[in-house]
Structures are given as structure tokens and as C-alpha cells.
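Residue-level structure breakdown
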Amino acid sequence: MKICWYTQEQRAQAQLGAVVDGRVYDVSAALQALPPARYPARPGDLLLANLDLVRVAINQLLPGAASIPVERARFLSPVANPGKIIGVPVNYADHVAEANADQATFTDRYKGEVREQGLFLKAASSLVGPSEGVALRFPQRLSHHEMELGVVIGKTAANVSVDEALDYVAGYAIALDMTVRGPEDRSLRKSVDSYAVLGPWLVTADAVGDAQKLDIRLAVNGEVRQQANTAEMIIGIAEQIAWASSYYTLHPGDIIMSGTCAGVGQVLPGDVMECEIAGIGAMRVDVRAAQD
């Protein structure tokens, strides 16, 4: 199942959608299946924590739901309330080589393999959907695209094993880990507003199959810059989940950006990024100056 948050043209209210055969169906009424929200709330995204209930309600609503073509929908992040966004650095060998060959751009913070460097966090406030676009905050500095497979957690996980880790995945989406280059800590440079893009929808884990065998591709203004297969990861998805859960509890809605391949590069206002992952979908992300 493909689940999304979206808005329609001339309508600002976010709607819950299910994407089927090129159309987005309004299944917002499925939110009635959620338990009442209480304060203080438990950690995690309420919808993803109750995904099984919501999926049943969506299937009941689909036959009579109103729909629009995918092209008319403005896709927001398919995760509305993430607790944390976890980054996996230098997780493709070709990107390791790329970073080592250009220390002037990447700095010596990129030396060492992924297990030595450790995971990092991006602020949840940096998360946007593809239709919201990327707003470049520091025009005098390099801002690079890093396309990745986004892994969305569906159940609370702490100290899970590699063998059981994938049982905690709600689904997958296309992710962009946008980055300001410079000497500061990763978490600062990668947490700028709009520098975490997720979309266009969440594909539930049962509909993806083997997420470790997906082709990924990013083009800027029609020029292909990044192209790889998730099989090329140095540390696979299951190990990433187990590793992260050994340091902190993962909650429904937490997002793991699983690493980028070679070909990262600068984007400028007016650029258009087109991202595609086999079995997930495709999304267009426009780049603008932050003041626009």
C-alpha cells in the first residue's frame, strides 16, 4: 500500500491519501480508527504506531473514496510527526572514495569508514515533502544533494538484533539528505529547514519486497548525477536498525536515511531535482532561495 499526506490545488488542509493506479484517494476518514490522542503523548507518530488499524480502514474506504490524478496532488512528507531523523554517513564505497578525493569540500570529518564515524541526527524540523521544495539558507556556501532510501520505523525498537530488525519497518520512501558543506558538525549543517525531504509517499514494507535490491537515481535539471543499487550499501538496512537501536530507542515514525552513493553535488535556486527508486516511485523537488 502507498500512503501519503497531500493537499489539493486551492486547498491548504492536509489529507490522508492512498495512491492506487496513478490516482490519490482521499481516505482521511481512516484517521477515525486512531485511538484518542492524549497529553502528554507517547513518543512516536500516532498513525504509524497504529498502521495496521489504519490500513484496514483505508481498504474499507477505497471503493467509495474521491480521487484526483497523482499529478494534481501536492505531496507532503508521508511521516507527519517524526521523533528523530537518523543519518548513516559514507555508506557506499564510491561515495567514500569521492569524499576522500576532495577533502577541500568534504573536510577530514569524512575520513574513516561508516562504523568509525557513527550515526548522526538531523532535526525533525528539517523535514518537508517534495512539493514543499528545498529552500537554500546560505547562498554563499555549497549545498549538496544526497539521495537515499528512507526507512520508516513502525514499532518501538530497542536493542533489536539484525535478524529481527526488518520486522520493525513500517515502510520505505525516497529521501534527500540535503547538506551544507563546511567544518561544523554534521547535525548542524544537515538540520537546516527543508534539508530533509521525504516522499512522495510511504510504501509499506510488504509491498516493497527486498529493499536491499533497489535501483536509485537522481537527476538535476535532467542531468543524471547519482545512480546506484541499495545492494551496494556497506552496512545494510537491518544492521542500521540494530545499530541505531543499540544507542537509542526507535519509535514509530523515526526515519533512517540509509546513506548516499557517489555523485553528490551542488544545487542552486531554480534547479529541479528528480528522484526515483525502483519499487517506491519518483518525486520532483524544486530548489529556491530561502527568502523566496
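I will try to describe carefully the structure that is included in this document. (Residues numbered from 1 in each chain as written. Predicted model: local features only at pLDDT ≥ 70, side-chain atom pairs only at ≥ 80, totals over all residues. Heavy atoms only, no water.)

The next point concerns the environment of Gly281. Position of Gly281 among the secondary structure elements: in strand β20 (residues 281-289). Counting along the chain gives 107 residues from Gly281 to Ile174, while the straight-line C-alpha distance between them is 7.7 Å. Excluding residues within four positions of it along the chain, Gly281 makes contact with Ile174, Trp201, Cys275 and Glu276. (Helix = DSSP H or I, 4+ residues; strand = E, 2+ residues; numbered from the N terminus. Contact = heavy atoms within 4.5 Å.)

Once that is clear, we can look at helix α9 (residues 237-247). The element α9 is largely enclosed, with a buried count of 8 among its 11 residues. Here α9 has its buried residues at Ile237, Ala238, Gln240, Ile241, Ala242, Trp243, Ala244 and Ser245. Looking at the buried side of α9, the elements it contacts are β6 (85-87), α5 (114-117), β11 (147-153), α6 (162-165), β12 (169-177) and β17 (255-257). (Buried < 20%, exposed > 50% of the residue type's maximum accessible area, 1.4 Å probe, protein only.)

This paragraph deals with the sheet that holds β20. Strand order in the open sheet made by the 5 strands is β9-β20-β19-β15-β16, with mixed pairing throughout. Either end of the sheet is taken by a strand with one partner, and the two such strands are β9 (134-136) and β16 (223-229). Within this sheet the neighbouring strands show an average axis-to-axis angle of 20°, counted without direction. As paired strands, strand β15 (residues 215-220) and β16 are joined by 6 bridges and run antiparallel to one another. (Pairing = 2+ DSSP bridges. Axes fitted to C-alpha atoms, helices over the stretch in contact; angles between N-to-C directions.)

Before going further, it helps to examine the pairing of β20. Every regular strand shows the same layout, with side chains that alternate between the two sheet faces. The side-chain alternation of β20 yields one buried face, formed by Gly281, Met283, Val285, Val287 and Ala289, and one unburied face, formed by Ala282, Arg284, Asp286 and Arg288. Pairing of strand β19 (residues 272-277) with β20 involves 6 bridges; the strand directions are antiparallel. The residue of β20 that forms the bridge with Glu274 is Arg284.

Further remarks concern the sheet that holds strand β13 (residues 179-180). Pairing in this open sheet of 3 strands is antiparallel, and the strands run β13-β10-β18 from one edge to the other. With one partner strand each, in any of the chains shown, β13 and β18 (265-266) form the two edges of the open sheet. For strand β10 (residues 143-145) and β18, the ladder comprises 2 bridges, and the chain directions are antiparallel. Counted as the bridge partner of His145 is Gly265 from β18.

With omega at 0°, the peptide bond leading from Tyr39 into Pro40 counts as cis. Residue placement: Pro40 occurs in the loop between β3 (23-26) and α1 (46-49). The linkage connecting Gly199 with the following residue, Pro200, adopts the cis geometry, with an omega of -10°. For Pro200, the location among the structural elements is in strand β14 (residues 196-204). For Ser194, which is not a glycine, the phi torsion comes out positive at approximately 80°. Residue position: Ser194 is located in the loop between α7 (186-189) and β14. The class of Ser194 is buried, set by a relative accessible area of 6%.

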